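Per-entry structural report
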Amino acid sequence: YLHNISPAKKIGILSKAFAISKQTAFLEGQANAALELSNMYESLRQKDSSLYYYKIHRAAFDTLFSERNKRNTIIRESEWMLKRKDFENQHLKQLATVQEKELGFKNALLLALAICFGLIIGLAFFINKSIQAKKKRTESIYKQQIAETQMQALQSQMNPHFIFNSLNSIENFM
């Protein structure tokens, strides 16, 4: 579009474009318009104006370059942070899985221990009952033997008296 119009008109259009881009703070537009103005003034052999707009172009271009680098750096840093967070999340998930397995194993071990403890208490209870029953049986056997021995003693005491009494009765009848 700018090739077929006069240099004065080109400078006017480019100056308006430069002013609009400056008002809107559009750095890329400022850089492009300043470069075109610098080229136009260079072709018209106006070195001062050409240098002035070239400096504006370089300043705007450098600012754009710096902003793009900052933006890219921030993007890369954000991506790196996200990857690091993802790695940390995966690590935490794995750690949680391991802890769940350990907790399940510990719970199973605790349950087995509680069952064993219950069985030991139950076994001790039955052994105690068995020992007490055995003591009662032996005690009752000993009591029975004592009673039998007492009966035998009474019988042995009664036998001589009975015989003596019987003989006395027979003698009295005679």
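Below is a short write-up of the structure. Bear in mind the structure is a predicted one, so any value in this text is a computation, not a measurement.

Basis of the calculations
Residues numbered from 1 in each chain as written. Predicted model: local features only at pLDDT ≥ 70, side-chain atom pairs only at ≥ 80, totals over all residues. Heavy atoms only, no water. Helix = DSSP H or I, 4+ residues; strand = E, 2+ residues; numbered from the N terminus. Polar contact = N/O pair within 3.5 Å; in protein donor to acceptor, adjacent residues only side chain to side chain. Salt bridge = Lys/Arg side-chain N within 4 Å of Asp/Glu carboxyl O. Buried < 20%, exposed > 50% of the residue type's maximum accessible area, 1.4 Å probe, protein only.

Describing the side chain of S38
- Assignment of secondary structure puts S38 in helix α2 (residues 27–43).
- Among the polar contacts made by the side chain of S38, one reaches the main-chain carbonyl oxygen of S50 at a distance of 3.0 Å.

Overview of the pattern of salt bridges
- Taken as a whole and assessed by the stated rule, the structure comprises 6 salt bridges.
- Ionic pairing is found between R84 and E88, a salt bridge with its closest N-O pair at 3.4 Å. Of the two residues, R84 and E88 are both situated in helix α3 (residues 47–173); the distance of 4 residues between them amounts to about one turn of the helix.
- Given a relative accessible area of 32%, E88 falls into the partly exposed group.
- Note that K143 is salt-bridged to E139, the shortest N-O span being 3.5 Å. Remark: E139 and K143 occur in helix α3; sequence separation between them is 4 residues, near one turn of the helix.
- Note on K143: relative accessible area 53%, which makes it exposed.
- On the basis of relative accessibility, which here comes to 44%, the residue E139 falls in the partly exposed class.
- Salt bridges sharing partners connect three or more residues here, namely R84, K85 and E88.

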